[in-house]
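Structure assessment
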Amino acid sequence: MPKGANELTGMVLGFDFGLKRIGVAVGQTVTQTASPEAIVNSRDGKPDWEHISTLFEKWQPVAILVGLPMRLDGSEQALTQPARKFGQRLSGRYHCPVFYIEEQLSSIEAEQRGIQSDHIDDHAAQIILENWLQQTFGKQT
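Attention here is on the structure that accompanies the text. (Residues numbered from 1 in each chain as written. Predicted model: local features only at pLDDT ≥ 70, side-chain atom pairs only at ≥ 80, totals over all residues. Heavy atoms only, no water.)

1. Describing the overall build of the protein
- Helix and strand content of the protein: four helices and six strands.
- Reading the secondary structure of the protein in the N-to-C direction produces β-β-β-β-α-β-α-β-α-α.
- The C-alpha radius of gyration computed for the protein amounts to 14 Å, which stays within 12% of the reference 14 Å derived for 141 residues, consistent with globular compactness.
- Judged by the C-alpha coordinates and their principal axes, the protein covers about 40 × 30 × 30 Å.
- Looking at the protein as a whole, 45% of its 141 residues qualify as buried.
- Pairs at least 24 residues apart make up 61% of the contacts formed inside the protein by residues separated by at least 6 positions. (Helix = DSSP H or I, 4+ residues; strand = E, 2+ residues; numbered from the N terminus. Rg over C-alpha atoms; globule rule 2.2 N^0.38 Å. Buried < 20%, exposed > 50% of the residue type's maximum accessible area, 1.4 Å probe, protein only. Contact = heavy atoms within 4.5 Å.)

This is the structure:
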């Protein structure tokens, strides 16, 4: 668990990074729940920062979560470093702490839940964010 993350209270924006589409979910640290929020388009690897700014203005998150795409064996893949860089840019632009969680197969899990293909990215972000909220803020037994 990232140091200090479990002391945050409020809204968190979660991102499922992709070069063409970035899924966004919004979650609440107290209830440990998340909902799909938006799909942000990206052109030539450059996100629609205006759309992202609108989301930050709307939700005023206390933290940012970015899913790191990893191989099934836990090693990095081609999108891992671009996702990290995206998280760093989010943190720098919006002055919010950023946390990362390894994620594999969140899009496939969203498909298995019967989500329509044009909503896979935001639902994948929801799955990633819910996993992090439960790991970070869930009751310790």
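Next comes the rest of the description.
2. Remarks on unusual backbone geometry
- Despite not being glycine, Gln 32 shows a phi value in the positive range, around 55°.
- Structurally, the position occupied by Gln 32 is in the loop between strand 2 (21-28) and strand 3 (33-43).
- Its identity as a non-glycine residue notwithstanding, His 95 has a phi of 50°, on the positive side.
- Looking at the element boundaries, His 95 is found in the loop between helix 2 (80-94) and strand 6 (98-103).

3. Thoughts on the sheet that holds strand 6
- The strand order across the open sheet built from six strands is 4-3-2-1-5-6, with neighbouring strands paired in mixed fashion. The sheet terminates laterally at strand 4 (46-47) and strand 6, the two strands that pair on one side only.
- Here two bridges tie strand 3 to strand 4, and the two strands are oriented antiparallel to one another. Among the inter-strand pairings, Ser 42 is bridged to a residue of strand 4, identified as Pro 47.
- Relative to strand 3, helix 1 (residues 49-59) is tilted by about 155°, and along the sheet it contacts strand 1 (11-16), strand 2, strand 3, strand 4 and strand 5 (63-69). (Pairing = 2+ DSSP bridges. Axes fitted to C-alpha atoms, helices over the stretch in contact; angles between N-to-C directions.)

4. Description of the pairing of strand 6
- Side-chain alternation along strand 6 places Phe 99, Ile 101 and Glu 103 on a buried face and Val 98, Tyr 100 and Glu 102 on a face that remains uncovered.
- Here strand 5 runs beside strand 6; their pairing, made up of six bridges, is parallel. Its bridge partner being in strand 6, Gly 67 is matched across the sheet by Ile 101.
- What joins strand 5 to strand 6 is helix 2, and the crossover it makes is right-handed. (Right-handed = clockwise from strand over helix to strand, strands pointing away.)

5. Details of the packing of helix 1 against helix 2
- Contact pair helix 1 / helix 2: the axes reach a minimum separation of 12 Å and the direction vectors enclose 60°. In terms of axis orientation, helix 1 runs oblique to helix 2. As helix 1 packs across helix 2, the resulting crossing turns out to be right-handed. Each of Trp 49, Ile 52, Ser 53 and Phe 56 in helix 1 lies in contact with helix 2, whose residues at this interface are Phe 86, Arg 89, Leu 90, Arg 93 and Tyr 94.
- Per-class residue counts for the contact of helix 1 with helix 2 are six nonpolar, one polar and two charged. (Parallel < 35°, antiparallel > 145°, perpendicular 65-115°, else oblique. Left-handed = near helix turned anticlockwise from the far one by under 90°. Nonpolar A, V, L, I, M, F, W, Y, C, P; charged D, E, K, R; others polar.)

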